[in-house]
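Commentary on secondary and tertiary structure
The lines below spell out each chain.
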Amino acid sequence: MQGKEAVVFKGSRAGVSVQVDPEAPLGAVVEELRRKLSAAENFFQGASVRIELGDRQVDPVEQRVLRELIEAHGLTVVDDDPAAVKRGANGKPKRNAPEPAVSGIRGGLEPPGEPCLLVRRTLRSGQRLEFDGSVVILGDVNPGAVVVCTGHVIVFGALRGVVHAGARGNTDARVIALRLQPTQLRIAHYISRSPDDQVPGPSGPEVALVQDERIQIEAYVP
Amino acid sequence: MAGRVIVITSGKGGVGKTTTTANLGAGLAMLGRRVCLVDADIGLRNLDVVMGLENRIVYDLVEVVEGHARLRNALIKDKRLDGLFLLPAAQTREKDAVTPEQMKALCAQLAEEFDYVLVDSPAGIEHGFRNAIAGAHEAIIVTTPEVAAVRDADRITGLLEANELSNPKLIINRIRPQMVRRGDMLDIDDVIEILAIELLGVVPDDESIIVATNRGEPVVLGGHTKAAQAYRNIVRRIEGEEVPFMQIEEDGWMSRLRNLVGLGRKKVRGA
(Lines give C-alpha, C1' and ligand atoms only; values in the text may rest on other atoms or scores of the structure.)
Protein backbone atom coordinates (compact mmCIF):
# COMPACT_ATOMS: atom_id res chain seq x y z
CA MET A 1 0.00 0.00 0.00
CA GLN A 2 2.69 2.50 0.92
CA GLY A 3 5.48 1.25 -1.29
CA LYS A 4 8.94 1.47 0.15
CA GLU A 5 8.55 3.26 3.42
CA ALA A 6 11.31 2.44 5.83
CA VAL A 7 9.07 2.97 8.84
CA VAL A 8 5.36 2.29 9.11
CA PHE A 9 3.17 3.13 12.09
CA LYS A 10 0.44 0.61 12.72
CA GLY A 11 -2.25 0.92 15.32
CA SER A 12 -4.03 -2.02 16.88
CA ARG A 13 -5.87 -2.87 20.05
CA ALA A 14 -2.54 -3.63 21.65
CA GLY A 15 -1.31 -0.12 20.91
CA VAL A 16 0.91 1.42 18.29
CA SER A 17 3.65 -0.54 16.64
CA VAL A 18 6.50 0.73 14.54
CA GLN A 19 7.37 -1.62 11.73
CA VAL A 20 10.85 -1.19 10.39
CA ASP A 21 11.71 -2.32 6.88
CA PRO A 22 14.38 -5.02 7.28
CA GLU A 23 16.24 -3.87 4.16
CA ALA A 24 16.31 -0.10 4.77
CA PRO A 25 19.60 1.46 5.93
CA LEU A 26 19.66 2.74 9.50
CA GLY A 27 20.07 6.33 8.36
CA ALA A 28 16.88 6.21 6.35
CA VAL A 29 15.03 4.52 9.18
CA VAL A 30 16.09 7.13 11.72
CA GLU A 31 15.34 10.02 9.43
CA GLU A 32 11.90 8.80 8.51
CA LEU A 33 11.07 7.92 12.07
CA ARG A 34 12.03 11.38 13.21
CA ARG A 35 10.00 13.04 10.49
CA LYS A 36 6.90 10.99 11.19
CA LEU A 37 7.16 11.44 14.92
CA SER A 38 7.51 15.21 14.70
CA ALA A 39 4.71 15.46 12.17
CA ALA A 40 2.34 13.82 14.62
CA GLU A 41 3.86 15.05 17.85
CA ASN A 42 0.66 15.68 19.76
CA PHE A 43 -1.07 12.71 18.32
CA PHE A 44 1.36 10.11 19.58
CA GLN A 45 2.08 11.88 22.86
CA GLY A 46 2.00 9.36 25.70
CA ALA A 47 1.32 6.31 23.57
CA SER A 48 3.22 3.11 24.09
CA VAL A 49 4.78 1.56 21.04
CA ARG A 50 6.35 -1.71 20.11
CA ILE A 51 9.25 -1.71 17.70
CA GLU A 52 8.93 -4.48 15.17
CA LEU A 53 12.11 -5.21 13.36
CA GLY A 54 11.05 -8.28 11.39
CA ASP A 55 14.07 -10.04 9.93
CA ARG A 56 16.35 -7.13 10.57
CA GLN A 57 19.68 -7.86 12.16
CA VAL A 58 19.98 -5.35 14.97
CA ASP A 59 22.94 -4.51 17.08
CA PRO A 60 22.34 -3.02 20.53
CA VAL A 61 23.51 0.44 19.48
CA GLU A 62 21.07 0.63 16.64
CA GLN A 63 18.30 -0.53 18.89
CA ARG A 64 19.14 2.06 21.49
CA VAL A 65 19.17 4.84 18.90
CA LEU A 66 15.64 3.96 17.78
CA ARG A 67 14.42 3.60 21.32
CA GLU A 68 15.82 6.94 22.41
CA LEU A 69 14.43 8.70 19.38
CA ILE A 70 10.95 7.38 20.07
CA GLU A 71 11.15 8.18 23.76
CA ALA A 72 12.37 11.69 23.03
CA HIS A 73 9.00 12.31 21.38
CA GLY A 74 7.08 11.41 24.50
CA LEU A 75 6.26 7.81 23.67
CA THR A 76 6.98 4.75 25.74
CA VAL A 77 8.70 1.79 24.16
CA VAL A 78 7.54 -1.62 25.28
CA ASP A 79 8.84 -5.04 24.48
CA ASP A 80 11.31 -4.08 21.78
CA ASP A 81 13.67 -6.90 22.59
CA PRO A 82 14.24 -8.81 19.35
CA ALA A 83 14.30 -12.02 21.34
CA ALA A 84 10.69 -11.39 22.19
CA VAL A 85 9.80 -11.62 18.55
CA LYS A 86 9.36 -15.28 18.11
CA ARG A 87 10.90 -16.56 14.97
CA GLY A 88 9.97 -19.64 13.05
CA ALA A 89 12.45 -22.17 11.74
CA ASN A 90 12.93 -20.18 8.58
CA GLY A 91 13.81 -17.09 10.55
CA LYS A 92 10.54 -15.35 9.72
CA PRO A 93 8.79 -13.87 12.72
CA LYS A 94 5.64 -15.79 13.48
CA ARG A 95 4.02 -13.07 15.52
CA ASN A 96 3.30 -9.63 14.17
CA ALA A 97 2.99 -10.85 10.65
CA PRO A 98 -0.64 -11.86 10.49
CA GLU A 99 -2.24 -12.97 7.28
CA PRO A 100 -3.90 -9.96 5.70
CA ALA A 101 -7.63 -10.17 6.23
CA VAL A 102 -8.27 -8.98 2.71
CA SER A 103 -5.84 -10.32 0.17
CA GLY A 104 -7.11 -8.28 -2.71
CA ILE A 105 -9.74 -9.17 -5.18
CA ARG A 106 -9.26 -12.75 -6.37
CA GLY A 107 -5.82 -12.73 -4.85
CA GLY A 108 -2.67 -11.02 -5.92
CA LEU A 109 -4.06 -7.51 -6.45
CA GLU A 110 -3.45 -4.72 -3.97
CA PRO A 111 -6.73 -3.93 -2.23
CA PRO A 112 -8.28 -0.83 -3.79
CA GLY A 113 -8.24 2.34 -1.74
CA GLU A 114 -5.77 4.77 -0.31
CA PRO A 115 -3.98 5.44 2.98
CA CYS A 116 -6.37 6.42 5.71
CA LEU A 117 -6.05 7.08 9.40
CA LEU A 118 -8.85 6.17 11.74
CA VAL A 119 -8.96 8.27 14.90
CA ARG A 120 -11.31 7.09 17.59
CA ARG A 121 -11.37 10.05 19.91
CA THR A 122 -12.25 13.71 20.08
CA LEU A 123 -9.57 16.20 19.09
CA ARG A 124 -9.46 19.01 21.61
CA SER A 125 -8.18 22.56 21.54
CA GLY A 126 -4.44 22.65 20.97
CA GLN A 127 -4.25 19.20 19.39
CA ARG A 128 -2.98 19.02 15.86
CA LEU A 129 -3.25 15.99 13.62
CA GLU A 130 -1.26 15.71 10.43
CA PHE A 131 -1.47 12.79 8.06
CA ASP A 132 -0.33 11.89 4.60
CA GLY A 133 -3.60 10.47 3.32
CA SER A 134 -7.22 10.74 4.43
CA VAL A 135 -8.48 10.96 7.98
CA VAL A 136 -11.64 9.56 9.54
CA ILE A 137 -12.43 10.81 13.02
CA LEU A 138 -14.97 9.03 15.19
CA GLY A 139 -15.45 11.91 17.58
CA ASP A 140 -15.56 15.68 17.44
CA VAL A 141 -13.01 18.23 16.30
CA ASN A 142 -13.30 21.03 18.85
CA PRO A 143 -12.51 24.72 18.29
CA GLY A 144 -8.75 25.22 18.52
CA ALA A 145 -7.96 21.74 17.18
CA VAL A 146 -6.36 21.43 13.75
CA VAL A 147 -6.46 18.60 11.23
CA VAL A 148 -4.14 18.80 8.23
CA CYS A 149 -3.99 15.99 5.68
CA THR A 150 -3.37 15.43 2.01
CA GLY A 151 -6.64 13.61 1.37
CA HIS A 152 -10.22 13.81 2.60
CA VAL A 153 -11.42 14.45 6.12
CA ILE A 154 -14.50 12.71 7.46
CA VAL A 155 -15.73 13.55 10.92
CA PHE A 156 -18.35 11.33 12.51
CA GLY A 157 -19.21 14.00 14.99
CA ALA A 158 -19.16 17.77 15.13
CA LEU A 159 -16.43 19.59 13.24
CA ARG A 160 -15.88 22.93 14.98
CA GLY A 161 -12.14 23.41 14.62
CA VAL A 162 -9.88 24.07 11.65
CA VAL A 163 -9.48 21.49 8.89
CA HIS A 164 -7.16 21.60 5.94
CA ALA A 165 -7.88 18.82 3.44
CA GLY A 166 -5.91 18.21 0.27
CA ALA A 167 -3.03 20.07 1.87
CA ARG A 168 -0.66 19.32 -1.01
CA GLY A 169 -2.95 20.90 -3.53
CA ASN A 170 -5.60 18.27 -4.12
CA THR A 171 -8.67 20.36 -4.97
CA ASP A 172 -10.83 17.23 -5.17
CA ALA A 173 -10.44 16.66 -1.45
CA ARG A 174 -13.65 16.83 0.54
CA VAL A 175 -14.55 17.50 4.11
CA ILE A 176 -17.57 15.65 5.44
CA ALA A 177 -18.99 15.96 8.92
CA LEU A 178 -22.19 15.04 10.69
CA ARG A 179 -22.24 18.61 11.96
CA LEU A 180 -20.13 20.85 9.80
CA GLN A 181 -19.50 24.04 11.81
CA PRO A 182 -15.79 24.66 11.33
CA THR A 183 -13.98 27.76 12.51
CA GLN A 184 -12.17 27.68 9.22
CA LEU A 185 -12.02 25.28 6.29
CA ARG A 186 -9.16 24.92 3.87
CA ILE A 187 -9.12 22.68 0.82
CA ALA A 188 -5.88 22.81 -1.18
CA HIS A 189 -5.18 26.57 -1.44
CA TYR A 190 -8.76 27.68 -0.85
CA ILE A 191 -9.76 29.10 2.51
CA SER A 192 -13.20 29.83 3.87
CA ARG A 193 -14.25 30.86 7.35
CA SER A 194 -17.43 30.60 9.34
CA PRO A 195 -19.83 33.54 9.12
CA ASP A 196 -19.47 36.08 11.91
CA ASP A 197 -23.13 35.98 12.82
CA GLN A 198 -24.20 32.67 14.22
CA VAL A 199 -26.59 31.20 11.73
CA PRO A 200 -28.08 27.89 12.79
CA GLY A 201 -27.02 25.38 10.19
CA PRO A 202 -28.93 22.34 9.07
CA SER A 203 -28.75 19.46 11.47
CA GLY A 204 -27.80 16.79 8.94
CA PRO A 205 -24.40 15.78 7.57
CA GLU A 206 -22.79 18.15 5.10
CA VAL A 207 -19.90 18.07 2.68
CA ALA A 208 -17.51 20.87 1.77
CA LEU A 209 -15.86 20.80 -1.63
CA VAL A 210 -14.27 23.14 -4.13
CA GLN A 211 -16.66 24.32 -6.82
CA ASP A 212 -16.36 27.37 -9.05
CA GLU A 213 -13.04 28.36 -7.50
CA ARG A 214 -14.35 28.44 -3.97
CA ILE A 215 -15.31 26.19 -1.11
CA GLN A 216 -18.99 25.36 -1.09
CA ILE A 217 -21.02 23.43 1.41
CA GLU A 218 -23.97 21.24 0.60
CA ALA A 219 -26.01 18.55 2.27
CA TYR A 220 -24.25 15.21 2.18
CA VAL A 221 -26.16 12.66 0.16
CA PRO A 222 -24.52 9.24 0.28
CA MET B 1 8.53 58.05 16.38
CA ALA B 2 8.21 54.44 17.43
CA GLY B 3 4.98 53.38 19.10
CA ARG B 4 4.48 52.42 22.72
CA VAL B 5 4.75 48.75 23.58
CA ILE B 6 2.65 48.00 26.66
CA VAL B 7 2.38 44.60 28.29
CA ILE B 8 -0.83 43.72 30.15
CA THR B 9 -0.07 41.26 32.90
CA SER B 10 -1.31 40.08 36.29
CA GLY B 11 0.40 37.01 37.65
CA LYS B 12 -2.88 35.43 38.63
CA GLY B 13 -5.12 33.90 35.99
CA GLY B 14 -8.71 34.85 35.41
CA VAL B 15 -8.52 38.46 36.53
CA GLY B 16 -9.32 39.82 33.07
CA LYS B 17 -6.04 40.45 31.27
CA THR B 18 -7.39 39.38 27.92
CA THR B 19 -10.65 41.29 28.26
CA THR B 20 -8.70 44.37 29.34
CA THR B 21 -6.31 44.06 26.40
CA ALA B 22 -9.19 43.75 23.95
CA ASN B 23 -11.04 46.74 25.39
CA LEU B 24 -8.03 49.03 25.68
CA GLY B 25 -7.02 48.13 22.12
CA ALA B 26 -10.51 48.79 20.79
CA GLY B 27 -10.75 51.98 22.84
CA LEU B 28 -7.45 53.33 21.51
CA ALA B 29 -8.44 52.43 17.96
CA MET B 30 -11.74 54.32 18.46
CA LEU B 31 -9.64 57.41 19.12
CA GLY B 32 -8.01 56.89 15.74
CA ARG B 33 -4.78 55.33 16.92
CA ARG B 34 -3.15 52.46 15.07
CA VAL B 35 -3.11 49.55 17.49
CA CYS B 36 -1.71 46.03 17.31
CA LEU B 37 -2.78 43.47 19.89
CA VAL B 38 -0.28 40.67 20.43
CA ASP B 39 -1.45 37.45 22.07
CA ALA B 40 1.59 36.11 23.91
CA ASP B 41 -0.35 33.29 25.55
CA ILE B 42 1.00 30.57 23.29
CA GLY B 43 -0.85 27.29 23.67
CA LEU B 44 -3.84 28.87 25.42
CA ARG B 45 -4.80 31.64 23.10
CA ASN B 46 -7.98 33.56 23.87
CA LEU B 47 -7.59 37.07 22.58
CA ASP B 48 -8.77 36.05 19.11
CA VAL B 49 -11.94 34.58 20.60
CA VAL B 50 -12.65 37.63 22.75
CA MET B 51 -12.14 39.82 19.68
CA GLY B 52 -14.35 37.54 17.56
CA LEU B 53 -11.53 37.01 15.06
CA GLU B 54 -10.76 33.33 15.58
CA ASN B 55 -12.10 32.28 12.20
CA ARG B 56 -9.71 34.61 10.39
CA ILE B 57 -6.48 33.14 11.71
CA VAL B 58 -4.21 31.77 9.03
CA TYR B 59 -0.74 32.33 10.46
CA ASP B 60 0.31 32.93 14.04
CA LEU B 61 3.03 34.53 16.13
CA VAL B 62 5.19 31.40 16.27
CA GLU B 63 5.13 30.99 12.50
CA VAL B 64 6.21 34.61 12.17
CA VAL B 65 9.17 34.35 14.54
CA GLU B 66 10.20 31.06 12.96
CA GLY B 67 10.18 32.74 9.56
CA HIS B 68 7.45 30.54 8.08
CA ALA B 69 5.10 33.45 7.62
CA ARG B 70 5.47 37.16 7.06
CA LEU B 71 4.34 39.50 9.78
CA ARG B 72 1.99 41.42 7.51
CA ASN B 73 0.31 38.19 6.44
CA ALA B 74 -0.22 37.05 10.00
CA LEU B 75 -1.80 40.31 11.21
CA ILE B 76 -5.58 40.11 11.31
CA LYS B 77 -7.47 43.32 10.68
CA ASP B 78 -10.33 43.88 13.07
CA LYS B 79 -13.76 43.62 11.47
CA ARG B 80 -15.10 46.76 13.13
CA LEU B 81 -12.26 49.25 13.61
CA ASP B 82 -9.87 50.41 10.93
CA GLY B 83 -6.67 50.89 12.87
CA LEU B 84 -6.93 47.73 14.96
CA PHE B 85 -4.96 44.56 14.26
CA LEU B 86 -4.33 41.28 16.04
CA LEU B 87 -1.32 39.01 15.96
CA PRO B 88 -2.71 35.69 17.22
CA ALA B 89 -0.85 33.18 19.35
CA ALA B 90 -0.26 29.62 18.21
CA GLN B 91 -2.62 27.15 19.81
CA THR B 92 -0.86 23.89 19.01
CA ARG B 93 2.55 24.92 20.33
CA GLU B 94 4.07 25.62 23.71
CA LYS B 95 5.48 28.71 25.36
CA ASP B 96 9.09 27.77 24.71
CA ALA B 97 8.50 27.90 20.95
CA VAL B 98 9.46 31.58 21.26
CA THR B 99 12.38 33.23 23.03
CA PRO B 100 12.41 36.62 24.77
CA GLU B 101 14.90 37.86 22.16
CA GLN B 102 12.52 36.96 19.36
CA MET B 103 9.67 38.74 21.13
CA LYS B 104 11.83 41.80 21.58
CA ALA B 105 12.62 41.92 17.87
CA LEU B 106 8.97 41.34 16.98
CA CYS B 107 7.71 44.12 19.27
CA ALA B 108 10.31 46.52 17.90
CA GLN B 109 9.19 45.74 14.38
CA LEU B 110 5.52 46.27 15.27
CA ALA B 111 6.30 49.51 17.12
CA GLU B 112 7.56 50.99 13.88
CA GLU B 113 4.17 50.56 12.27
CA PHE B 114 1.76 51.09 15.13
CA ASP B 115 1.11 53.81 17.71
CA TYR B 116 0.41 51.15 20.32
CA VAL B 117 1.44 47.53 20.66
CA LEU B 118 -0.51 45.85 23.48
CA VAL B 119 0.91 42.52 24.56
CA ASP B 120 -1.50 40.17 26.36
CA SER B 121 0.58 38.17 28.82
CA PRO B 122 -0.21 34.65 29.97
CA ALA B 123 -0.84 34.03 33.65
CA GLY B 124 2.15 32.95 35.70
CA ILE B 125 5.69 34.17 36.02
CA GLU B 126 7.45 31.60 33.85
CA HIS B 127 8.70 31.51 30.28
CA GLY B 128 5.49 32.91 28.79
CA PHE B 129 5.56 35.91 31.12
CA ARG B 130 9.20 36.59 30.30
CA ASN B 131 8.37 36.46 26.60
CA ALA B 132 5.47 38.85 27.05
CA ILE B 133 7.48 41.50 28.89
CA ALA B 134 10.63 41.15 26.78
CA GLY B 135 9.73 43.77 24.20
CA ALA B 136 7.62 46.05 26.38
CA HIS B 137 8.46 49.61 27.41
CA GLU B 138 5.57 49.93 29.83
CA ALA B 139 3.40 47.62 31.88
CA ILE B 140 -0.20 47.60 33.02
CA ILE B 141 -1.03 45.28 35.88
CA VAL B 142 -4.58 44.00 36.15
CA THR B 143 -5.85 42.81 39.49
CA THR B 144 -9.14 42.13 41.19
CA PRO B 145 -9.99 43.16 44.73
CA GLU B 146 -9.08 39.77 46.17
CA VAL B 147 -6.20 39.03 48.49
CA ALA B 148 -4.70 36.36 46.25
CA ALA B 149 -4.86 38.50 43.10
CA VAL B 150 -3.30 41.47 44.91
CA ARG B 151 -0.55 39.24 46.27
CA ASP B 152 0.27 38.06 42.75
CA ALA B 153 0.11 41.60 41.42
CA ASP B 154 2.66 42.58 44.05
CA ARG B 155 4.94 39.75 42.98
CA ILE B 156 4.61 40.81 39.36
CA THR B 157 5.41 44.42 40.22
CA GLY B 158 8.66 43.27 41.77
CA LEU B 159 9.52 41.12 38.76
CA LEU B 160 8.76 43.95 36.37
CA GLU B 161 11.02 46.30 38.31
CA ALA B 162 13.77 43.68 38.19
CA ASN B 163 13.34 43.68 34.41
CA GLU B 164 13.60 47.44 34.10
CA LEU B 165 9.88 47.99 33.68
CA SER B 166 9.42 50.38 36.52
CA ASN B 167 6.31 52.46 37.17
CA PRO B 168 3.74 49.93 36.09
CA LYS B 169 0.17 51.21 36.12
CA LEU B 170 -2.69 49.45 37.87
CA ILE B 171 -6.18 48.53 36.74
CA ILE B 172 -8.49 47.14 39.37
CA ASN B 173 -11.02 44.95 37.68
CA ARG B 174 -14.41 43.58 38.75
CA ILE B 175 -15.02 45.81 41.68
CA ARG B 176 -18.49 45.37 43.18
CA PRO B 177 -19.58 48.52 44.98
CA GLN B 178 -22.17 46.77 47.14
CA MET B 179 -19.62 44.28 48.43
CA VAL B 180 -17.08 46.98 49.15
CA ARG B 181 -19.76 48.95 50.99
CA ARG B 182 -20.56 45.94 53.11
CA GLY B 183 -16.87 45.53 53.80
CA ASP B 184 -16.83 42.15 52.07
CA MET B 185 -14.37 43.15 49.40
CA LEU B 186 -11.04 44.91 49.48
CA ASP B 187 -11.60 48.49 48.48
CA ILE B 188 -9.48 50.51 46.13
CA ASP B 189 -7.55 52.23 48.87
CA ASP B 190 -6.62 48.89 50.43
CA VAL B 191 -5.25 47.66 47.11
CA ILE B 192 -3.34 50.86 46.42
CA GLU B 193 -1.90 50.85 49.90
CA ILE B 194 -0.38 47.41 49.37
CA LEU B 195 0.85 47.85 45.83
CA ALA B 196 1.78 51.53 45.96
CA ILE B 197 1.63 51.98 42.21
CA GLU B 198 -0.25 54.48 40.12
CA LEU B 199 -3.91 53.71 39.54
CA LEU B 200 -4.94 53.85 35.90
CA GLY B 201 -8.56 52.99 36.51
CA VAL B 202 -11.18 50.82 38.09
CA VAL B 203 -13.59 48.66 36.12
CA PRO B 204 -16.83 47.67 37.82
CA ASP B 205 -18.00 44.08 37.67
CA ASP B 206 -20.59 44.04 34.95
CA GLU B 207 -22.58 41.24 33.40
CA SER B 208 -22.39 43.03 30.09
CA ILE B 209 -18.69 42.13 29.94
CA ILE B 210 -19.45 38.42 30.03
CA VAL B 211 -22.08 38.78 27.35
CA ALA B 212 -19.79 40.89 25.17
CA THR B 213 -16.82 38.56 25.65
CA ASN B 214 -18.84 35.53 24.61
CA ARG B 215 -20.03 37.37 21.53
CA GLY B 216 -16.51 38.42 20.58
CA GLU B 217 -17.35 42.13 20.95
CA PRO B 218 -15.25 44.27 23.26
CA VAL B 219 -17.71 45.97 25.63
CA VAL B 220 -16.12 49.35 25.00
CA LEU B 221 -17.67 49.34 21.53
CA GLY B 222 -21.14 48.86 22.99
CA GLY B 223 -21.44 52.22 24.62
CA HIS B 224 -23.50 52.88 27.65
CA THR B 225 -22.46 50.51 30.39
CA LYS B 226 -20.35 51.62 33.33
CA ALA B 227 -17.65 49.17 32.31
CA ALA B 228 -17.47 50.68 28.83
CA GLN B 229 -17.19 54.15 30.34
CA ALA B 230 -14.46 52.92 32.67
CA TYR B 231 -12.43 51.53 29.75
CA ARG B 232 -12.87 54.75 27.78
CA ASN B 233 -11.56 56.73 30.75
CA ILE B 234 -8.56 54.42 31.08
CA VAL B 235 -7.79 54.80 27.40
CA ARG B 236 -7.82 58.59 27.72
CA ARG B 237 -5.47 58.36 30.70
CA ILE B 238 -3.11 56.17 28.66
CA GLU B 239 -3.19 58.94 26.08
CA GLY B 240 -2.03 61.33 28.78
CA GLU B 241 -5.30 63.11 29.56
CA GLU B 242 -6.27 63.95 33.09
CA VAL B 243 -9.61 62.25 33.58
CA PRO B 244 -11.27 62.47 36.98
CA PHE B 245 -12.23 59.16 38.54
CA MET B 246 -15.92 58.58 38.12
CA GLN B 247 -18.22 57.58 40.90
CA ILE B 248 -19.03 53.90 40.62
CA GLU B 249 -21.44 53.80 43.49
CA GLU B 250 -25.03 54.29 42.50
CA ASP B 251 -26.66 57.15 44.32
CA GLY B 252 -29.47 55.07 45.65
CA TRP B 253 -31.74 56.44 48.35
CA MET B 254 -30.23 54.01 50.83
CA SER B 255 -26.75 55.35 50.45
CA ARG B 256 -27.97 58.90 50.57
CA LEU B 257 -29.81 58.11 53.75
CA ARG B 258 -26.74 56.47 55.22
CA ASN B 259 -24.62 59.47 54.37
CA LEU B 260 -27.23 61.71 55.87
CA VAL B 261 -27.18 59.98 59.19
CA GLY B 262 -23.41 59.67 59.12
CA LEU B 263 -23.36 55.93 58.66
CA GLY B 264 -21.95 56.07 55.14
CA ARG B 265 -19.22 53.57 54.74
CA LYS B 266 -16.11 54.31 52.79
CA LYS B 267 -16.90 56.03 49.54
CA VAL B 268 -16.10 53.90 46.55
CA ARG B 269 -13.79 55.82 44.34
CA GLY B 270 -14.38 55.06 40.71
CA ALA B 271 -12.92 54.49 37.32
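Look up: the structure comes first, before these words.
Keep in mind it's a predicted model, so treat the numbers as computed, not measured.

Conventions used here
Residues numbered from 1 in each chain as written. Chains lettered and ligands numbered in written order. Predicted model: local features only at pLDDT ≥ 70, side-chain atom pairs only at ≥ 80, totals over all residues. Heavy atoms only, no water. Helix = DSSP H or I, 4+ residues; strand = E, 2+ residues; numbered from the N terminus. Contact = heavy atoms within 4.5 Å. Areas by Shrake-Rupley, 256 points an atom, 1.4 Å probe, with all protein chains shown as cover. Lys, Arg positive; Asp, Glu negative; His and termini not counted. Charge placed at Lys NZ, Arg CZ, Asp CG, Glu CD. Buried < 20%, exposed > 50% of the residue type's maximum accessible area, 1.4 Å probe, protein only. Salt bridge = Lys/Arg side-chain N within 4 Å of Asp/Glu carboxyl O. Polar contact = N/O pair within 3.5 Å; in protein donor to acceptor, adjacent residues only side chain to side chain. Pairing = 2+ DSSP bridges. Axes fitted to C-alpha atoms, helices over the stretch in contact; angles between N-to-C directions. Expected span 1.5 Å × (residues − 1). Buried area = accessible area lost by both parts, 1.4 Å probe. Nonpolar A, V, L, I, M, F, W, Y, C, P; charged D, E, K, R; others polar. Core = buried A, V, L, I, M, F, W, Y, C linked by side-chain atoms within 4.5 Å. Patch = residues over 30% accessible without salt bridge, like charges linked within 9 Å, V, L, I, M, F, W, Y side chains within 5 Å. Phe/Tyr/Trp six-rings, centres within 6.5 Å; stacked < 30°, edge-to-face > 60°. Lys NZ or Arg CZ within 6 Å of the ring centre and 35° of its normal. Arc of directions from axis to C-beta.

Re the overall build of chain B
- Each helix and strand in chain B was counted, giving 12 helices and 8 strands.
- With respect to the principal axes defined by its C-alpha atoms, chain B has extents near 70 × 40 × 35 Å.
- When contacts within chain B are restricted to residue pairs at least 6 apart in sequence, those whose partners lie at least 24 apart make up 74%.
- Carbon together with sulfur atoms contributes 48% to the accessible area of chain B, which is approximately 12,200 Å² in total.
- Between the mean site of the 34 positive side-chain charges and the mean site of the 39 negative ones, chain B shows a separation of 4 Å.

Describing the overall build of chain A
- Looking only at helices and strands, chain A features 3 helices and 15 strands.
- By the burial criterion, 40% of the 222 residues in chain A qualify as buried.
- Contacts in chain A between residues far apart in sequence, at least 24 positions, make up 34% of those at least 6 positions apart.
- Accessible surface for chain A amounts to roughly 12,800 Å². Of this, 52% is attributable to carbon and sulfur atoms.

Section: the pattern of salt bridges
- This model, assessed by the stated rule, comprises 16 salt bridges over all chains.
- Across the pair Asp196(A) and Lys79(B) runs a salt bridge, and its minimum N-O distance is 3.4 Å. Taken together, the positions of Asp196(A) in the loop between strand 13 (190-193) and strand 14 (206-211) and Lys79(B) in the loop between strand 3 (76-77) and strand 4 (84-87) put the pair across two chains.
- A relative accessible area of 33% means that Lys79(B) is categorised as partly exposed.

Side note on the side chain of Asp187(B)
Residue and element names in this part refer to chain B.
- Tracing the backbone shows Asp187 in the loop between helix 8 (177-182) and helix 9 (188-195).
- Classification of Asp187 as buried rests on a relative accessible area of 6%.
- At 3.0 Å, the side chain of Asp187 forms a polar contact with the backbone nitrogen of Asp190.

Here's the deal with the sheet that holds strand 3 of chain B
Residues and elements named next belong to chain B.
- The strand order across the open sheet formed by 8 strands is 3-4-2-5-1-6-7-8, and the pairing between neighbours is mixed. The open sheet is flanked by strand 3 and strand 8 (198-204), the only strands paired with a single partner.
- Here strand 7 (residues 169-175) runs beside strand 8; their pairing, made up of 6 bridges, is parallel. If you follow Lys169 over to strand 8, its bridge partner there is Glu198.
- Of the strands in this sheet, strand 1 (4-9), strand 2 (35-39), strand 4 and strand 5 (116-120) touch helix 5 (residues 100-113), which is tilted by about 145° from strand 5.

Description of the sheet that holds strand 10 (residues 162-165) of chain A
Residues and elements named next belong to chain A.
- The strand order across the open sheet formed by 5 strands is 6-8-10-12-13, and the pairing between neighbours is mixed. Of all strands in the sheet, those with a lone pairing partner are strand 6 (128-131) and strand 13, marking the two edges. The mean angle between the axes of side-by-side strands here comes to 10°, regardless of whether they run parallel or antiparallel.
- Taken together, the 4 bridges between strand 10 and strand 12 (residues 184-187) define a ladder with parallel strand orientation. Looking at the pairing, Val162 lines up with Gln184 of strand 12.

Structural notes on helix 7 (residues 147-162) of chain B
All names here are of chain B.
- When the terminal C-alpha atoms of helix 7 are compared, their 23 Å separation across 16 residues agrees well with the 22 Å that a helix rising 1.5 Å per residue should span.
- Taken residue by residue, helix 7 has Ala149, Val150, Ala153, Ile156, Thr157, Leu159 and Leu160 as its buried positions.
- In this structure, the buried residues of helix 7 make contact with strand 1, helix 6 (127-134), strand 6 (138-143) and helix 9.
- Backbone geometry just downstream of helix 7 places Glu164 in the positive-phi region, at approximately 60°.

Overview of the interface of chain B and chain A
- Contact residues are listed per partner, giving 9 residues for chain B and 16 residues for chain A.
- Both sides together, the interface formed by chain B and chain A hides about 950 Å², and carbon and sulfur atoms give 42% of it.
- Per-residue buried area on chain B facing chain A is highest for Asn55(B), Gln91(B) and Thr92(B); these three make up 55% of the total on that side.
- On the surface where chain B and chain A come into contact, there are 2 salt bridges.
- Between Arg56(B) and Asp196(A) there is a salt bridge, with its nearest N and O atoms 2.8 Å apart.
- The tally of links from chain B across to chain A stands at 8 residue pairs in polar contact (both at pLDDT 80 or more).
- By residue class, the composition of the side of chain B that touches chain A is 2 nonpolar, 4 polar and 3 charged.

Considering the nonpolar core
- Membership of the largest hydrophobic core comes to 51 residues, with the highest contact counts inside it found for Val38(B), Leu61(B), Leu87(B), Leu106(B), Leu110(B) and Val119(B).
- In this structure, Ile6(B), Ile57(B), Ala227(B) and Ile234(B) belong to the second largest nonpolar core, which totals 38 residues.

Digging into the environment of Arg56(B)
- Within the secondary structure layout, Arg56(B) lies in the loop between helix 2 (47-50) and helix 3 (61-65).
- Separated by 12 residues in the primary sequence, Arg56(B) and Leu44(B) place their C-alpha atoms 17 Å from one another.
- Aside from chain neighbours lying at most four places away, what touches Arg56(B) is Gln184(A), Arg193(A), Asp196(A), Ile76(B) and Lys79(B).

A word on the pairing of strand 13 of chain A
Residues and elements named next belong to chain A.
- Examined bridge by bridge, strand 12 and strand 13 share 4 bridges and lie antiparallel to one another. Bridging from a neighbouring strand, Ile187 pairs with Tyr190 of strand 13.
- Hairpin connection of strand 12 to strand 13: 2 residues between the antiparallel strands, including Ala188 at a positive phi of 50°.

Focus on a nonpolar patch on the surface
- On the surface, Leu118(A), Leu138(A), Phe156(A) and Leu178(A) cluster together to form a nonpolar patch covering roughly 370 Å² of accessible area.
- You can see Leu138(A) is positioned in the loop between strand 7 (134-137) and strand 8 (146-149).

Considerations on the packing of aromatic side chains
- Evaluated as defined, the whole model comprises 1 aromatic pair over all chains.
- A cation sits over an aromatic face here: Arg237(B) above Phe245(B), 4.3 Å from the ring centre.

With respect to helix 10 (residues 207-215) of chain B
Residues and elements named next belong to chain B.
- When helix 10 is considered as a whole, its buried residues turn out to be Ser208, Ile209 and Ala212. Down the axis of helix 10, the sector holding all buried residues measures 100°, keeping them to one side. Away from the buried face of helix 10 by more than 90 degrees, exposed residues Glu207, Ile210 and Asn214 are located.
- Buried residues belonging to helix 10 abut helix 1 (17-30), strand 8 and helix 11 (226-238).

Structural measurements only, silent on function.
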